[in-house]
Amino acid sequence: MKYSDDIIQRVKDSTDIVSVVGEYVPLKKAGASYKGLCPFHSEKSPSFMVSPARNGFHCFGCGKGGNVITFLMEMEKLSFPEALRLLAEKAGVVLPRLQEAARDQEQDRARERVQALNEFAGRFFHERLLSMEGQQARDYFKDRGFTKEDALKFLIGFAPAGWDSLKNAAQKAGFSQEELLAAGLAVHHEEKKSYYDKFRNRLIFPVKNNYDKIIAFGGRALSDEPGPKYLNSPETLLFKKSECLYLLERAREAIRQKGYVLVVEGYFDALALHHFGFENAVATLGTALTSQHGRLLTRYTKEVVFSYDADTAGQAAILRGFEPLIQAGLNIRVLVLPDAKDPDEYLKKHPREEFEALVQRAPAFFRWWAQSLRQKLQGAPVEEKTRALQGFVPMILQIPDEVSVQAACAAVESEWGLDNRDLLTIVNSERKRGVRRPGGAAPEAGEPRASRGEGTPAASNDTRMEADFLALLIEERGEFVPWAVNELSPEVFYGENFRRLFERLSAGEMKAEELNGVPELEPSFIRIENQTEKKHREAMLIDLAAALKKRHLRNQLADLKNRQAEAEKAGEVEKALSLAQQMILLKRQYSQEVEPR
């Protein structure tokens with residue numbers, strides 16, 4: 001038994017040979033290939049060539065050559081299966097157990113059909129854009145500042161308004177309705193027992209893997225009909241949102257050459273940057289940045305420049321993308337556009353040279369965040385500024401190397417006019433106590449302390465629970481707020497600032513989205529985004545509400561018990577009996593399961 005040829009090819013296709021070889025051999029660009037000194041024999045002039053297009057290597061000096069698997073076998077003295085497994089693990093490809101080869105072959109056939117269907121759909125959408133029925137979509141694309149050449153270069157498409165245009169065409173080409181569903185191109189109507197097109201009356205953006213194969217689609221609505229403005233393919237055998245970036249297949253060489261990647265939020269921002277010559281730009285696909293994205297980007301660069309929308313949501317997205325990227329060992333800078341909300345808008349108003357200059361001056365992440373908070377907190381009380389300053393600590397603790405930790409502390413201190421090394425002293429103190437990341441048992445700096453005791457693990461868990469609950473209230477555009485207000489009273493929050501926030505939400509003085517701008521909640525936003533799947537967040541919110549209520553009841557019981565003991569000691573029999581009755585009622589309430597009403 002052996003791994004199938006399809007599995008082996010999938011590992012090769014998912015691996016960037018330049019990155020793998022580059023870990024052993026310093027490489028320099030040489031036309032479409034890369035050149036370096038051969039690792040297999042001694043030479044003074046480089047004759048060792050690596051070809052990304054062929055995904056192979058060859059030395060013109062000693063004659064040795066092969067693919068990425070054979071290179072790793074030679075360098076690490078591994079067997080073929082060992083090298084394959086190592087590369088598969090790095091690329092995130094799950095290898096089947098050899099005894100499951102038959103099932104693996106069946107899945108490979110399914111993957112091939114999804115791939116073929118995606119390629120068919122890409123051609124179908126593109127042809128519709130160029131046809132008479134695509135006039136509205138072409139006009140919209142042109143009005144956004146793009147050309148016909150852009151449409152051809154990026155294979156932009158148009159999904160007709162009908163309910164079954166793609167479905168009918170695909171079935172004529174030999175694809176089944178079930179295959180359309182598996183590819184995320186059709187939706188099943190349960191009541192009518194029928195299938196219809198997922199993308200309708202939309203401008204279509206094909207999403208490709210590193211080897212120029214279409215794996216998914218994004219669609220921008222062309223009308224004001226109900227529904228999302230942007231719609232993405234669901235996850236399929238080929239497509240995982242958390243592992244893909246739009247236009248990376250085109251950007252990777254430019255990323256290597258320029259030494260950094262521009263990360264933006266949307267399709268049009270990425271297209272605009274490529275249109276104006278910034279071909280090292282990529283976009284996320286309707287999801288937050290993940291650890292998989294971080295590992296993917298480290299193949300090509302060590303530096304990320306964020307250029308997200310300049311609103312509160314954009315800032316929050318940058319903060320949530322911080323942890324997975326910093327833990328991958330990437331340096332992060334943030335591009336601030338002075339008079340535009342995003343790169344697309346800026347480049348339509350300014351020469352590309354001005355944008356390039358802004359990119360070069362983009363501040364490091366912690367300097368940018370310190371500047372942003374300093375502006376937000378102008379005129380704020382000293383206590384609020386202190387809490388915000390301490391909020392940097394759990395984020396700085398994510399940084400893996402000492403030099404970068406010191407640089408981050410120095411940037412914050414200089415922006416806030418602090419005495420040199422004040423923040424670094426706090427960070428080092430937290431390190432000595434074993435605090436390495438938010439979500440651990442030790443207290444999180446920047447969060448208010450609960451009433452259980454300053455600096456205790458219980459206090460940290462209490463405040464983290466309160467912060468996580470409030471952070472979850474922004475989910476689904478704040479639709480859980482009425483339920484939360486009905487379920488809890490402000491007194492269950494022991495952190496003064498958190499209690500005040502919940503009081504404002506309860507009184508209608510504050511909208512849920514405004515929580516995005518609360519510095520003390522940033523560690524919770526980061527933690528939730530990167531550790532909790534969206535489908536589980538409602539359950540997490542309900543569980544936290546129950547935990548907050550039970551905690552409050554426990555503390556009330558403890559307080560009543562202490563007061564009863566004092567009353568008995570003082571000989572106040574009636575008071576002691578009254579307190580005992582109150583304890584019985586509370587114990588009964590506590591014993592009941594806490595469920596949402």
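Here we summarise the structure given alongside this text. None of these values were measured; they are calculated from a predicted model.

## With respect to the pattern of salt bridges
Within the structure shown, the criterion is met by 22 salt bridges. For Arg-256, the salt bridge identified is with Asp-16, shortest N-O distance 2.0 Å. One end of the pair, Arg-256, is in helix 10 (residues 248–258); the other, Asp-16, is in the loop between helix 1 (5–13) and helix 2 (17–22), with 240 residues separating them in the sequence. Assigned by exposure class, Arg-256 and Asp-16 land together as buried. Between Asp-212 and Lys-208 there is a salt bridge whose closest N-O contact spans 3.2 Å.

## Some remarks on the pairing of strand 9 (residues 202–208)
Of all the seven residues making up strand 9, seven are buried; the element is thus mostly covered by neighbouring parts of the structure. Side chains of strand 9 alternate between two faces, with Arg-202, Ile-204, Pro-206 and Lys-208 and Leu-203, Phe-205 and Val-207 buried alike. Two elements, strand 6 (residues 157–159) and strand 9, share three bridges in a ladder whose sense is antiparallel. Each bridged residue has a counterpart across the sheet, and for Gly-157 the counterpart in strand 9 is Ile-204. Sheet topology note: the strand 9/strand 10 (residues 214–221) ladder contains seven bridges and is antiparallel. What sits directly across from Phe-205, in strand 10, is Gly-218.

## A word on the nonpolar core
Core analysis: the biggest nonpolar cluster contains 63 residues, and Phe-125, Ile-156, Leu-185, Leu-203, Tyr-246, Leu-271 and Phe-355 have the highest contact counts within it. Sorting elements by how many residues they give to this core places helix 5 (residues 101–130) first, with seven residues. Apart from the residues lying within four places of it in its own chain, the contact partners of Phe-125 are Gly-157, Phe-158, Ala-159, Leu-166, Leu-185, Phe-199, Ile-204 and Phe-217. Counting residues in hydrophobic clusters, the runner-up holds 46 residues, among them Leu-297, Ala-380, Met-395 and Ile-396.

## Comments concerning the packing of helix 3 (residues 68–76) against helix 4 (residues 80–91)
Running from amino to carboxyl end, helix 3 crosses helix 4 at an angle of 115°, the nearest separation of the two axes being 9 Å. One element, helix 3, and the other, helix 4, form an angle in the roughly perpendicular class. Pair helix 3 / helix 4 crosses with right-handed handedness. Across the interface between the two elements, Val-68, Ile-69, Leu-72 and Met-73 from helix 3 touch Phe-80, Ala-83, Leu-84, Leu-86 and Leu-87 from helix 4.

## Some details on the sheet that holds strand 5 (residues 65–67)
On the basis of which strands lie adjacent, the open sheet formed by five strands has the order 1-2-3-4-5 and antiparallel pairing. Both outer strands of the open sheet, strand 1 (28–30) and strand 5, are each paired with one neighbouring strand and no more. Direction aside, neighbouring strands of the sheet carry axes that sit 25° apart on average. Looking at chain direction, strand 4 (residues 56–59) and strand 5 are connected through three bridges and run antiparallel. Within strand 5, the residue paired with Phe-57 across the bridge is Gly-66.

Procedures and definitions
Residues numbered from 1 in each chain as written. Predicted model: local features only at pLDDT ≥ 70, side-chain atom pairs only at ≥ 80, totals over all residues. Heavy atoms only, no water. Salt bridge = Lys/Arg side-chain N within 4 Å of Asp/Glu carboxyl O. Helix = DSSP H or I, 4+ residues; strand = E, 2+ residues; numbered from the N terminus. Buried < 20%, exposed > 50% of the residue type's maximum accessible area, 1.4 Å probe, protein only. Pairing = 2+ DSSP bridges. Core = buried A, V, L, I, M, F, W, Y, C linked by side-chain atoms within 4.5 Å. Contact = heavy atoms within 4.5 Å. Axes fitted to C-alpha atoms, helices over the stretch in contact; angles between N-to-C directions. Parallel < 35°, antiparallel > 145°, perpendicular 65-115°, else oblique. Left-handed = near helix turned anticlockwise from the far one by under 90°.

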